[in-house]
Amino acid sequence: MVCTNGKKILELSDCQAVYTSCLYQLRYITGLEPENGCAIVDETGVTLYTDMRYMEAAEKLLAGTGVKPVLYKQDELLKRLAGYESVGISFDQTPHSEYIALEKAGAKLKNIDSAYEQAMTVKNEWELANIAKACEIAENAFNALLPEIKEGMTETEVAALLEYKMRAFGAQGLSFETIVAFGAHAAVPHHETGLAKLQFGDEILIDFGCKVNGYCSDITRTFLFGDDGKHEEFKKAYAHVLAAHNLAQEKITSGMTGKEADAIAREYLKANGYGELFTHSLGHGIGLNVHEKPSVSPKGEQILCDNMVFSDEPGVYKAGEYGIRIEDTVTLENGRIKSFMGKTQKELLIL
């Protein structure tokens, strides 16, 4: 059975009703995200408005959840929304044209972006289980990929093979477009995977993730394709990135701000001469979106607490030469970091 969070959002919204057509918010509230669908939550429960393409599946999947699927009829929907004293919507995720239509119909709208942020930042057991499964699939696929990486393959071919394997292991989608970077391409943190061909001695950076029931995993591994004896500086930097990654998992605790957590890895890298080469934040929240709250960054003021999920991904990037990132998806449990990743090697791997 899917998990629904309509009641949670309604209570936090301080509104008589909540309305959304945003796909990830639909998933959060109803457990499904039908194209062109929308939902209303009020004291009577959750109504999912959809069309005949999704109705049969919705009735089966949502049986027993308290979510009622009905056929979408715009006039009836707008009339219903106009009858509430206040309707909570996400100003960030509601298209302007839709906002105008709702307002014109007489709906009394209130921004509840903060309610979504508060609710979605702290995961329940069902959400954590889906993230854990997505992480397991990603790691299994990566381990299955390694023996099949061959000289002459392109970045795109490696990415496609990894994505196929994630699907084969049970992924329902990708968290984001897979990043595969060979050699100096890894110095660009979000390199656009292309047609570069793998050569002996290249480093390989792969940033990837998949979804289970809408929930994401996010992982990065950096390794060498053979050792041509020209990677002493890379190996030294790799050891420091790994130490920063491990130190963050050892030292981050509930009650810290995202800024304080980020500083653990950042100050270590700075003390060892890599401060200017760590060009992004230590981490970001992960859930239905692969980038959400909390922010584990130099500007992260939010207090970290148990059942938040975020990344631990220190990196070092030397333009034109190499890039290193080691990333786990982690959560806080009993005040300490618990990584969802445990099946893939983080000590420097040389194929």
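So, here is what we can say about the structure in this document.

Examining the overall build of the chain
When helices and strands are counted, the chain shows ten helices and 19 strands. By the compact-globule yardstick of 20 Å for 351 residues, the chain fits well, its C-alpha radius of gyration being 22 Å. A burial count over the chain gives 53% of its 351 residues as buried. Excluding contacts between residues fewer than 6 apart, the proportion of contacts in the chain whose partners are at least 24 apart in sequence is 65%. A total of about 15,600 Å² of accessible surface is found on the chain, and carbon and sulfur atoms cover 51% of it.

Re the nonpolar core
If you look at the biggest cluster of nonpolar residues, it comprises 59 residues, and the most contacted ones within it are Met166 and Ile206. Per-element tally for this core: the top contributor is helix α7 (residues 125-145), with nine residues. Those residues in contact with isoleucine 206, other than ones at most four positions away along the chain, are Phe142, Leu145, Val158, Leu162, Thr178, Ile179, Val180, Ile219, Thr220, Arg221 and Phe223. Val241, Ala265, Leu269 and Ile324 belong to the second-largest nonpolar core, a separate cluster that totals 28 residues.

Topic: the sheet that holds strand β7 (residues 173-174)
The antiparallel open sheet is built from three strands, whose spatial order is β7-β10-β11. In this open sheet, the two edge strands, each paired with only one partner strand, are β7 and β11 (215-216). Bridge count for β7 against strand β10 (residues 210-212) is two bridges, and the pairing is antiparallel. Looking at the pairing, leucine 174 lines up with cysteine 210 of β10. Along the sheet, α7 makes contact with β10 and β11, crossing β10 at roughly 140 degrees.

So, the sheet that holds strand β12 (residues 219-224)
Strands in a sheet are paired, the pairing made by backbone hydrogen bonds, and the direction either parallel or antiparallel. Pairing in this open sheet of three strands is antiparallel, and the strands run β8-β9-β12 from one edge to the other. Two strands in the sheet have a free side with no partner beyond their single neighbour: β8 (179-182) and β12. Taken pair by pair, the neighbouring strands of this sheet meet at an average axis angle of 10 degrees, ignoring direction. Two strands pair when backbone bridges link them, and strand β9 (residues 203-208) and β12 are joined in this way by six bridges, in the antiparallel orientation. If you follow leucine 205 over to β12, its bridge partner there is threonine 222.

Concerning unusual backbone geometry
Here the residue pair lysine 293 and proline 294 is connected by a cis peptide bond, since its omega of 5 degrees sits within 30 degrees of zero. At asparagine 307, a position not held by glycine, the phi torsion is positive, near 75 degrees. Among the structural elements, asparagine 307 can be located in the loop between β14 (292-296) and β15 (309-312).

With respect to the pairing of strand β16 (residues 315-318)
Pairing analysis gives four bridges linking β16 to strand β17 (residues 322-325), with the strands arranged antiparallel. What sits directly across from lysine 318, in β17, is tyrosine 322.

Notes on the packing of aromatic side chains
For the structure on display, the rule yields six aromatic pairs. Between tryptophan 126 and tyrosine 215, the aromatic rings sit 5.9 Å apart at their centres with planes inclined by 85 degrees, giving edge-to-face as the arrangement. Here tryptophan 126, found in helix α7, pairs with tyrosine 215, found in strand β11; they are 89 residues apart in sequence, far enough to count as distant. Their ring planes at 40 degrees and their centres at 6.2 Å tell us that phenylalanine 234 and tyrosine 238 sit as a pair that is tilted. Pair noted here: phenylalanine 234 and tyrosine 238 are both in helix α9 (residues 232-251), with a separation of four residues, about one helical turn. The exposure class assigned to phenylalanine 234 is buried, which follows from its relative accessible area of 2%.

Points about the packing of α7 against helix α8 (residues 155-168)
Axes are the key here: two packed helices are described by the angle between their axes and the distance separating the axes. Close contact between α7 and α8 brings their axes to 8 Å; oriented N to C, the two are set at 130 degrees. Taken as axis vectors, α7 and α8 run oblique relative to one another. Note that α7 runs across α8; the crossing there is right-handed. Of α8, the residues touching α7 (which contributes Ile137, Ala138, Ala141, Phe142, Ala144 and Leu145) are Val158, Leu161, Leu162, Lys165 and Met166. Along the lines of polarity and charge, the residues of the contact of α7 with α8 split into ten nonpolar, no polar and one charged.

What counts, and where the lines are drawn
Residues numbered from 1 in each chain as written. Predicted model: local features only at pLDDT ≥ 70, side-chain atom pairs only at ≥ 80, totals over all residues. Heavy atoms only, no water. Helix = DSSP H or I, 4+ residues; strand = E, 2+ residues; numbered from the N terminus. Rg over C-alpha atoms; globule rule 2.2 N^0.38 Å. Buried < 20%, exposed > 50% of the residue type's maximum accessible area, 1.4 Å probe, protein only. Contact = heavy atoms within 4.5 Å. Areas by Shrake-Rupley, 256 points an atom, 1.4 Å probe, with all protein chains shown as cover. Core = buried A, V, L, I, M, F, W, Y, C linked by side-chain atoms within 4.5 Å. Pairing = 2+ DSSP bridges. Axes fitted to C-alpha atoms, helices over the stretch in contact; angles between N-to-C directions. Phe/Tyr/Trp six-rings, centres within 6.5 Å; stacked < 30°, edge-to-face > 60°. Parallel < 35°, antiparallel > 145°, perpendicular 65-115°, else oblique. Left-handed = near helix turned anticlockwise from the far one by under 90°. Nonpolar A, V, L, I, M, F, W, Y, C, P; charged D, E, K, R; others polar.

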